[in-house]
Amino acid sequence: MPSEPAPGRRVVLIAAVAENGVIGADGGIPWHLPEDFAHFKATTLGHTLVMGRATYESIGRPLPGRATVVLTRDPTWSAEGVTTAPDLESALAGLTGDVFVAGGAQVYAAALPLADAQVISEVHLAPSGDTHYPAVDRSEWHETSRVPGDDFDVVTWERVR
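Here is what the cut-offs are and how they apply
Residues numbered from 1 in each chain as written. Predicted model: local features only at pLDDT ≥ 70, side-chain atom pairs only at ≥ 80, totals over all residues. Heavy atoms only, no water. Helix = DSSP H or I, 4+ residues; strand = E, 2+ residues; numbered from the N terminus. Rg over C-alpha atoms; globule rule 2.2 N^0.38 Å. Buried < 20%, exposed > 50% of the residue type's maximum accessible area, 1.4 Å probe, protein only. Areas by Shrake-Rupley, 256 points an atom, 1.4 Å probe, with all protein chains shown as cover. Lys, Arg positive; Asp, Glu negative; His and termini not counted. Charge placed at Lys NZ, Arg CZ, Asp CG, Glu CD. Phe/Tyr/Trp six-rings, centres within 6.5 Å; stacked < 30°, edge-to-face > 60°. Lys NZ or Arg CZ within 6 Å of the ring centre and 35° of its normal. Pairing = 2+ DSSP bridges. Axes fitted to C-alpha atoms, helices over the stretch in contact; angles between N-to-C directions. Salt bridge = Lys/Arg side-chain N within 4 Å of Asp/Glu carboxyl O. Polar contact = N/O pair within 3.5 Å; in protein donor to acceptor, adjacent residues only side chain to side chain. Contact = heavy atoms within 4.5 Å.

1. With respect to the overall build of the protein chain
From N to C terminus, the protein chain includes four helices and 10 strands. Along the protein chain, from the amino end to the carboxyl end, the secondary structure elements read β-β-α-β-α-β-β-α-β-α-β-β-β-β. Computed over the C-alpha atoms, the radius of gyration of the protein chain is 15 Å, within 12% of the 15 Å expected from 2.2 N^0.38 for a compact globule of 161 residues. Here the protein chain holds 161 residues, and 42% of them are scored as buried. Carbon and sulfur atoms make up 54% of the accessible area of the protein chain, which totals about 8400 Å². Considering the protein chain, the positive charge centre built from 11 side chains and the negative charge centre built from 21 side chains are found 5 Å apart.

Right, here's the structure in full:
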C-alpha cells in the first residue's frame, strides 16, 4: 500500500530500464547512451540523489550540483562529499523538494511504495543482466508524459492517489 506523500517532498524514482526490465549487469549498465546520461543530469541537477552504496561506488564520486545520500548498512563506510544513512526512511527524513532515488534494485524496491513519481528511460534493448527494476502495478500509476527517442523513450509516471 503506497504511503501518503510527505508535505514539501516528492520521492521520484529515476532509472533507465530495458524492455526486459534489466537495469544492470555485473555492477554496471549494459548499454552506453550519452543522451540518457544528459537527461539524468538535466533532471536531477539541483536536487538530492539517494542511492545504494554499490550504485554510488559504480559511479565513483558525488555528482556535481546534487546532494548525495548513500544508503549503507556499514556504519564505518564514508565517502567525501556524501551523506550516509542506514535505511531509506532515515535518508528521506527532513528532505524537501524532489528527491531522486537512483538505484540499485533493492533501493528502488524499498522506495517504490513511497514514490510519488517515476521518470523512466525505457531503453529499446533487451540485454542480459543480473539486476532488474522492481515489478510495478500499473494500476497505481498514470503516465503523464512520454518523449520518444531513437534509443529510449523518457516516460513520466505519477502515482494515482
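2. Some words on the packing of aromatic side chains
Counted by the stated rule, this structure contains two aromatic pairs. For the ring pair Tyr56 and Trp77, a centre distance of 5.7 Å and an interplane angle of 85° mean the geometry is edge-to-face. Here Tyr56 is found in helix H2 (residues 53–59), whereas its partner Trp77 is found in the loop between strand E4 (67–71) and strand E5 (83–85), with 21 residues between them in sequence. Across this residue pair, the class does not change: Tyr56 and Trp77 are buried. Across the ring face of Trp157, the terminal group of Arg138 is positioned such that the distance to the ring centre comes to 4.4 Å.

3. Overview of the pairing of strand E10 (residues 152–159)
For E10, the buried fraction is high: seven of the eight residues fall into the buried class. Where strand E7 (residues 117–123) and E10 come together, seven bridges link them in antiparallel fashion. Opposite Val119, over in E10, you have Thr156 as the bridge partner. As defined by bridge partners, strand E9 (residues 141–147) adjoins E10 across six bridges and the pair is classed as antiparallel. Pairing of Trp141 across the sheet is with Arg159, part of E10. Hairpin remark: E9 followed by E10, antiparallel, with four residues in the connecting loop.

4. With respect to the sheet that holds E10
If you trace the eight strands from one edge of the open sheet to the other, you get E5-E4-E3-E6-E1-E7-E10-E9, paired in mixed fashion. Looking at the sheet topology across the chains shown, the edges are occupied by E5 and E9. Neighbour to neighbour, the strand axes of the sheet diverge by 25° on average, direction disregarded. By the bridge criterion, seven bridges tie strand E1 (residues 9–18) to E7 in an arrangement that is parallel. Following the sheet pairing, Val12 is matched in E7 by Ala117.

5. Focus: the side chain of Asp36
As for its placement among the helices and strands, Asp36 is situated in helix H1 (residues 34–44). There is no salt bridge for the buried Asp36, and the closest opposite charge comes from Arg66, which lies 11 Å off by N-O distance. A polar contact of 2.5 Å, which involves the side chain of Asp36, links it to the side chain of Ser121. Not counting residues within four places of it along the chain, the set of residues in contact with Asp36 comprises Ala16, Ser121 and Phe152.

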